[in-house]
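Overview (structure and organization)
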Amino acid sequence: MRRSKQERQQAIKTLISNEQIQRQEDLVRKLNEAGWEVTQATISRDITEMQLVKVPLPTGGFAYAVMSGADYFGQLGRILQETTTDVATQGNMIMIKVAPGTGPALKTALEEANLPEVFGLIGDDAGVLVILREGELAKDFANKLTAQA
């Protein structure tokens, strides 16, 4: 019996909710052990489509997670407090460099925070460029962000 993409993605959600999956390879292996016949390319597409993010673990390292609602605000604080996070400012821009895989979680958390000072965000796998509205100073905003973390 062939299973649907929705069933596979539900299995992924269940797996990452119950276990700390840190790498795509681990996710592929666990799914295949559970009877799914998946490739890393398929799982990579699922991760993108499901908008999974890597979140810091209390014990160190990062694991996949499904984020929603209030999770984002706590996540923003945890990411900003990570020792691997680097915040640099210039004029009305802030570059926040994070551990690989954490950039999407940071960008989403900043979007969900709906901060009035923010004009726009550009993010990738390992960082987010925060562009502030005209007249906003990056140093002041960065201090505000890190103080709330």
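Up top you'll find the structure we're talking about.
Presented here is an overview of the structure given in this document. (Residues numbered from 1 in each chain as written. Predicted model: local features only at pLDDT ≥ 70, side-chain atom pairs only at ≥ 80, totals over all residues. Heavy atoms only, no water.)

Put simply, the largest pocket is a space of about 380 Å³. Along the walls of the largest pocket sit 17 residues, with Ile47, Gln51, Leu52, Val53 and Pro104 positioned nearest its centre. For the lining of the largest pocket, the secondary structure elements donating two or more residues are helix 3 (40-50), strand 1 (53-56) and helix 5 (103-113). Ranked by the residues each element gives to the lining of the largest pocket, the list is headed by helix 3, at four residues. Taken together, domain 1 (3-64) and domain 2 (67-146) each give at least three residues to the lining of the largest pocket, which thus spans both. (1 Å grid on protein atoms, 1.4 Å probe; cavity = no way out; pocket = protein on both sides within 12 Å on 5 of 7 lines; lining within 4 Å. Points joined across faces, edges and corners; volume = space filled by probe spheres on them. Helix = DSSP H or I, 4+ residues; strand = E, 2+ residues; numbered from the N terminus. Domains from an automatic or database assignment.)

Attention shifts here to the packing of helix 1 (residues 5-18) against helix 2 (residues 24-33). Following both chains from N to C, one finds helix 1 and helix 2 inclined at 110°, their axes separated by 11 Å at the closest point. Taken as axis vectors, helix 1 and helix 2 run roughly perpendicular relative to one another. Seen from above, helix 1 lies across helix 2 with right-handed handedness. On helix 2, the residues touching Ala11, Ile12, Leu15 and Ile16 of helix 1 are Leu27, Lys30 and Leu31. Residues belonging to the contact of helix 1 with helix 2 are distributed by class as follows: six nonpolar, no polar and one charged. (Axes fitted to C-alpha atoms, helices over the stretch in contact; angles between N-to-C directions. Parallel < 35°, antiparallel > 145°, perpendicular 65-115°, else oblique. Left-handed = near helix turned anticlockwise from the far one by under 90°. Contact = heavy atoms within 4.5 Å. Nonpolar A, V, L, I, M, F, W, Y, C, P; charged D, E, K, R; others polar.)

This brings us to the pattern of salt bridges. Applying the stated criterion across every chain, the model contains nine salt bridges. Between lysine 107 and glutamate 111 there is a salt bridge; the shortest N-O distance is 2.7 Å. Separated by four residues within a single helix, lysine 107 and glutamate 111 lie in helix 5, roughly one turn from each other. The class for lysine 107 is partly exposed, based on a relative accessible area of 24%. Here lysine 144 ties to glutamate 117 by a salt bridge, and the two come within 2.5 Å at their closest N and O atoms. Of the two residues, lysine 144 sits in helix 6 (residues 138-148) while glutamate 117 sits in the loop between helix 5 and strand 5 (118-124), which places them 27 residues apart along the sequence. Taking relative accessible area as the criterion, lysine 144 reaches 32% and is therefore assigned partly exposed. Here glutamate 117 falls in the buried class, since its relative accessible area comes to 12%. (Salt bridge = Lys/Arg side-chain N within 4 Å of Asp/Glu carboxyl O. Buried < 20%, exposed > 50% of the residue type's maximum accessible area, 1.4 Å probe, protein only.)

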